[in-house]
Amino acid sequence: MKKKKREFQSSELVKSFARIHGFEDKLLAFEIKDFLSEYLSEALSNEIESVNLNKKILEIRIKSPLLKNDFRMRKTFFLNKFKEKFGEENITDLQIL
């Protein structure tokens, strides 16, 4: 009798590893940062310093005062976009720093 080989996709392995070690929030923050780099132009995405998820509050740190102001003005738009893409159960609020 042959042993069954388990076949996983790399993303499944990373997610299970993150769940075991308790840094699922950081993994989701990386996914959100990737989404922003696709959504925004390259110049604008370079202005995003960091993306963190802390107790379901998404924190985006932006270097450019103009982009920061734009994000603050369109906060509800971006919050709804992130909730739609990554799940309402994962994100409750958005802070622009």
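Nothing here was measured: the structure is a model prediction, and the numbers come from that model. (Residues numbered from 1 in each chain as written. Predicted model: local features only at pLDDT ≥ 70, side-chain atom pairs only at ≥ 80, totals over all residues. Heavy atoms only, no water.)

1. A short note on the packing of aromatic side chains
Right, so step 1: What the rule picks out here adds up to seven aromatic pairs.
Right, so step 2: Note on Phe 35 and Phe 82: the rings are 6.1 Å apart at their centroids and 75° apart in plane angle, and the pair reads as edge-to-face. Taken together, the positions of Phe 35 in helix H2 (residues 24–39) and Phe 82 in helix H5 (residues 75–86) put the pair 47 residues apart, joining distant regions of the chain.
Right, so step 3: The class for Phe 35 is buried, based on a relative accessible area of 14%.
Right, so step 4: Grouped by ring-pair contacts, the aromatic residues Phe 35, Tyr 39, Phe 71, Phe 77, Phe 78, Phe 82 and Phe 86 constitute a single cluster.
Right, so step 5: Positioned above the aromatic ring of Phe 30 is the side chain of Lys 26, whose terminal nitrogen or guanidinium carbon lies 5.5 Å from the ring centre. (Phe/Tyr/Trp six-rings, centres within 6.5 Å; stacked < 30°, edge-to-face > 60°. Helix = DSSP H or I, 4+ residues; strand = E, 2+ residues; numbered from the N terminus. Buried < 20%, exposed > 50% of the residue type's maximum accessible area, 1.4 Å probe, protein only. Lys NZ or Arg CZ within 6 Å of the ring centre and 35° of its normal.)

2. Examining the nonpolar core
Right, so step 1: In terms of nonpolar packing, the biggest core is built from 21 residues, with Ile 32, Leu 36, Leu 58, Ile 60, Phe 71 and Phe 82 touching the most fellow members.
Right, so step 2: Sorting elements by how many residues they give to this core places H2 first, with five residues.
Right, so step 3: Excluding anything up to four places from it in sequence, Phe 71 contacts Leu 36, Leu 40, Ile 60, Ile 62, Phe 78 and Ile 96. (Core = buried A, V, L, I, M, F, W, Y, C linked by side-chain atoms within 4.5 Å. Contact = heavy atoms within 4.5 Å.)

3. Remarks on the sheet that holds strand E1 (residues 48–54)
Right, so step 1: Ordered by their spatial adjacency, three strands build an open sheet running E1-E2-E3, and the pairing between neighbours is mixed. At either margin of the open sheet sits one strand with a lone partner, and together these are E1 and strand E3 (93–96). Neighbouring strand axes in the sheet, compared pairwise and without regard to direction, differ in orientation by 15° on average.
Right, so step 2: Bridge count between strand E2 (residues 57–62) and E3: four bridges; the pairing is parallel. Each bridged residue has a counterpart across the sheet, and for Glu 59 the counterpart in E3 is Gln 95.
Right, so step 3: Here helix H4 (residues 65–73) sits on the sheet in contact with E2 and E3, set at roughly 155° to E2.
Right, so step 4: Against the sheet, H5 engages E2 and E3, with an angle of about 130° to E3. (Pairing = 2+ DSSP bridges. Axes fitted to C-alpha atoms, helices over the stretch in contact; angles between N-to-C directions.)

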